[in-house]
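Structure assessment
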Amino acid sequence: MKGQGFLRRFGYALNGIITAFRREQSMRTHGLAVVGVGIFLAATGAPPVWWAVIGVAVGLVLVAELANTAVETLADRLHPEHHPEIGVAKDVAAGAVLIATLVAIGVGVAYLLR
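The structure reproduced in this document is the subject of the present report. (Residues numbered from 1 in each chain as written. Predicted model: local features only at pLDDT ≥ 70, side-chain atom pairs only at ≥ 80, totals over all residues. Heavy atoms only, no water.)

This brings us to the overall build of the chain. Within the chain one finds four helices and zero strands. Starting at the N terminus and walking to the C terminus, you meet the elements of the chain as α-α-α-α. Oriented by its inertia axes, the alpha-carbon framework of the chain measures out at about 50 × 40 × 20 Å. Within the span of the chain, comprising 114 residues, buried residues form 19% of the whole. Counting only contacts in the chain whose residues sit at least 6 apart along the sequence, the fraction spanning at least 24 positions is 70%. As presented, the chain carries roughly 7,800 Å² of accessible surface, and 72% of it is formed by carbon and sulfur atoms. Where the 9 positive side-chain charges of the chain centre and where its 7 negative ones centre are 15 Å apart. (Helix = DSSP H or I, 4+ residues; strand = E, 2+ residues; numbered from the N terminus. Buried < 20%, exposed > 50% of the residue type's maximum accessible area, 1.4 Å probe, protein only. Contact = heavy atoms within 4.5 Å. Areas by Shrake-Rupley, 256 points an atom, 1.4 Å probe, with all protein chains shown as cover. Lys, Arg positive; Asp, Glu negative; His and termini not counted. Charge placed at Lys NZ, Arg CZ, Asp CG, Glu CD.)

And the structure:
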């Protein structure tokens, strides 16, 4: 796997994103929220700096959701039975999504109060 070309690696990454959207309802929900945020920013004539700040915030949510999906998928494959430590790993990954979402909401509130 090491030493493969950029296009092949890009294809793997794109496949991972597509797979996450297909498998995970929460990924689709976050994706829909991103579209809604983009429409809202366009409708309100947000300045470029707000597009950038909000883009980073929602990007953080999507990255956290992808990482959460990766952790859950790997944990379920390696240890399909219930195990307390697997539960901790999954809960921590879900916590990362929650924190990223709260940060994004905070940025959105800051935009609304500007």
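What follows continues from the structure just given.
Across all of its chains, the model carries three aromatic pairs by this definition. Centroid distance F40 to Y111: 6.1 Å. Interplanar angle 85 degrees. Geometry classified as edge-to-face. Residue F40 is located in helix α2 (residues 25-43), and its partner Y111 is located in helix α4 (residues 84-113); the two are separated by 71 residues in the primary sequence. Residue classification places F40 among the partly exposed residues on the basis of a relative accessible area of 37%. For Y111, a relative accessible area of 2% corresponds to the buried category. Plain terms: the ring middles of W50 and Y111 are 5.3 Å apart, the flat faces sit at 65 degrees to each other, and that makes the pair edge-to-face. (Phe/Tyr/Trp six-rings, centres within 6.5 Å; stacked < 30°, edge-to-face > 60°.)

On the surface, a cluster of nonpolar side chains totalling about 710 Å² of accessible area is made up of F40, L98, L102, I105, V109, L112 and L113. Here the element with the most residues in the nonpolar patch is α4; it accounts for six residues. Within the fold, L98 resides in helix α4. (Patch = residues over 30% accessible without salt bridge, like charges linked within 9 Å, V, L, I, M, F, W, Y side chains within 5 Å. Salt bridge = Lys/Arg side-chain N within 4 Å of Asp/Glu carboxyl O.)

Turning next to α4. Along its 30 residues, α4 runs 43 Å from first to last C-alpha, staying within 8% of the 44 Å computed at 1.5 Å per residue. Listed in full, the buried residues belonging to α4 are A93, V97, A100, A104, V107 and Y111. Buried positions along α4 lie against α2 and α3 (48-78). (Expected span 1.5 Å × (residues − 1).)

Our focus in this paragraph is the packing of α2 against α4. The contact between α2 and α4 brings their axes to 13 Å, and the two run at 10 degrees. Between α2 and α4, the interaxial angle falls into the category roughly parallel. In this structure, the crossing between α2 and α4 has a hand that is left-handed. Two secondary-structure elements touch here, α2 through H30, F40 and L41 and α4 through V97, T101, Y111 and L112. Split by residue class, the contact of α2 with α4 holds five nonpolar, two polar and no charged. (Axes fitted to C-alpha atoms, helices over the stretch in contact; angles between N-to-C directions. Parallel < 35°, antiparallel > 145°, perpendicular 65-115°, else oblique. Left-handed = near helix turned anticlockwise from the far one by under 90°. Nonpolar A, V, L, I, M, F, W, Y, C, P; charged D, E, K, R; others polar.)

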